[in-house]
Amino acid sequence: MMAPLLEEEENYVRLALLLKGVSPRAVRIYFDREFPPTHLPSTLNTNYNTLYDLKLKRVLNQAQWNLLFPRNGVPVSTTFDVTLMICLIRNLTSVTQPINGFDSLPLPVETTPGPDLARIKWYRNILAHHDSNKMATGDFNTAWSNISDAVSRLGGQPMNQECQELKVKILDQSNQEIMLEIKQSQEKIKELGQTVDILGTEHSEVTENLRKLQVSHSTLQTEHTEVTELLKDPIPWNIRGILYSFRQRL
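Residues numbered from 1 in each chain as written. Predicted model: local features only at pLDDT ≥ 70, side-chain atom pairs only at ≥ 80, totals over all residues. Heavy atoms only, no water.

Naming follows an unreviewed UniProt entry, where the protein chain appears as DZIP3-like HEPN domain-containing protein of Mytilus edulis.

Printed below as a string of structure tokens:
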């Protein structure tokens, strides 16, 4: 049985539950308003060229492309994650862009759908790159207020109630198990990071050795060419005269 979570660990788990469990549904509610499910396939087909251009620019990856244009069946928003839905909303609708763009935390006064989507996106990125399984209560309260307000505006009053309940509910064993999984995942990420660093160092060393070999090979080629040319050229007449005089003396 796991030991009880510390307050800062609970903060982290609650925020993870909000961002991974609740906010995607709020984004999907807004997405389905912008892209009614019955018209989603035709809308994607109409915008095929725009989407293909995003794929060429690596904004969309192959896995996302397969969801948009499946070989079997039709695309459905329930298979889209937050990143893909926000990408489609940004590029295929007239949603108002936040003042500082979709990749920054919007200003508090920006409360339209575009900034709210950017808030959720921003905090999801923060959580994904958070190097600890703890979060200070002050930071947690600020993040919770920003995210839950965005979720409520996008998803409606029922989702606002869900956010309020999640913030104070007692975390049961299943929720605490999430914390254990997070800890284990972070350890694996650290190990992978160390492996990547080692591979990066080895790759740099191999690259440097290869560069030195290429320089040596180039030098040898140059010297070989010079020697070959000397052997091909006839002996200059002045050298031939010296050799003839030398032989006469003998």
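That covers the picture; the talk isn't over yet.
A. Spatial organisation of the overall build of the protein chain. When helices and strands are counted, the protein chain shows 10 helices and zero strands. The order of α-helices and β-strands along the protein chain, N terminus first, is α-α-α-α-α-α-α-α-α-α. For the protein chain, the proportion of its 250 residues judged to be buried stands at 32%. Sequence separation of 24 or more characterises 68% of the internal contacts of the protein chain that already satisfy a separation of 6 or more. Looking at the protein chain as shown, the accessible area adds up to about 16500 Å², and 56% of this sits on carbon and sulfur atoms. (Helix = DSSP H or I, 4+ residues; strand = E, 2+ residues; numbered from the N terminus. Buried < 20%, exposed > 50% of the residue type's maximum accessible area, 1.4 Å probe, protein only. Contact = heavy atoms within 4.5 Å. Areas by Shrake-Rupley, 256 points an atom, 1.4 Å probe, with all protein chains shown as cover.)

B. Examining the pattern of salt bridges more closely. Tallying each qualifying case throughout the model produces six salt bridges. Between lysine 57 and aspartate 53 there is a salt bridge; the shortest N-O distance is 3.1 Å. Judged by its relative accessible area of 56%, lysine 57 falls in the exposed class. When the shortest N-O distance is used, the salt bridge between aspartate 116 and arginine 153 registers 2.8 Å. One end of the pair, aspartate 116, is in helix α6 (residues 113–128); the other, arginine 153, is in helix α7 (residues 137–155), and 37 residues separate them in sequence. Accessibility expressed as a relative area gives 38% for arginine 153, which makes it partly exposed. Overlapping salt bridges, with partners in common, bring together Asp116, Arg119 and Arg153 in one network. (Salt bridge = Lys/Arg side-chain N within 4 Å of Asp/Glu carboxyl O.)

C. Local environment of the nonpolar core. Counting residues in each nonpolar core, the largest one holds 50 residues, and the members touching the most others are Leu15, Leu51, Leu68 and Leu88. Among the secondary structure elements, those contributing two or more residues to this core are α1 (7–34), α2 (40–46), α3 (48–56), α4 (62–68), α5 (82–92), α6, α7 and α8 (157–168). The element that contributes the greatest number of residues to this core is α1, accounting for 12 residues. The contact partners of leucine 68, leaving out residues within four places of it in the chain, are Leu44, Leu51, Leu60, Pro75, Phe80, Leu84 and Leu88. (Core = buried A, V, L, I, M, F, W, Y, C linked by side-chain atoms within 4.5 Å.)

D. Representation of the layout of surface pockets. What the second largest pocket holds in volume is close to 160 Å³. Forming the walls of the second largest pocket are Leu19, Lys20, Val82, Thr83, Lys121, Arg124, Asn125, Leu127 and Ala128. Looking at the lining of the second largest pocket element by element, the count peaks at five residues for α6. Among the residues forming the lining of the second largest pocket, the class breakdown is four nonpolar, two polar and three charged. (1 Å grid on protein atoms, 1.4 Å probe; cavity = no way out; pocket = protein on both sides within 12 Å on 5 of 7 lines; lining within 4 Å. Points joined across faces, edges and corners; volume = space filled by probe spheres on them. Nonpolar A, V, L, I, M, F, W, Y, C, P; charged D, E, K, R; others polar.)

E. Fine view of α1. With 28 residues, α1 should reach 40 Å at 1.5 Å per residue; the first-to-last C-alpha distance of 39 Å fits that figure. By the largest-angle criterion, serine 23 marks the main kink of α1, which is about 40°, and a proline, proline 24, follows within four residues. (Expected span 1.5 Å × (residues − 1). Bend = angle between axes of the 7 residues up to and from the residue.)

F. Spatial organisation of the packing of α1 against α8. Following both chains from N to C, one finds α1 and α8 inclined at 175°, their axes separated by 11 Å at the closest point. One way to sum up the angle between α1 and α8 is to call them roughly antiparallel. Contact residues: α1 offers Arg14, Leu17, Leu18, Val22, Arg25, Ala26 and Ile29, while α8 offers Met159, Glu162, Cys163, Leu166, Lys167 and Val168. Partitioning the contact of α1 with α8 into residue classes produces nine nonpolar, no polar and four charged. (Axes fitted to C-alpha atoms, helices over the stretch in contact; angles between N-to-C directions. Parallel < 35°, antiparallel > 145°, perpendicular 65-115°, else oblique.)

G. Main features of the packing of α5 against α6. Taken N-terminus to C-terminus, the directions of α5 and α6 make an angle of 145°; their axes are 11 Å apart at the nearest point. With respect to the hand of their crossing, α5 and α6 are arranged in left-handed fashion. Here Val82, Ile86, Ile89 and Arg90 of α5 come into contact with α6, specifically with Leu117, Ile120, Lys121 and Arg124. Tallied by class, the residues present in the contact of α5 with α6 amount to five nonpolar, no polar and three charged. (Left-handed = near helix turned anticlockwise from the far one by under 90°.)

H. Molecular detail of the side chain of serine 77. By the element assignment, serine 77 lies in the loop between α4 and α5. Residue classification places serine 77 among the buried positions, given a relative accessible area of 8%. The contacts of serine 77, once residues within four sequence positions are left out, are Arg28, Phe31, Asp32, Leu40 and Met85.

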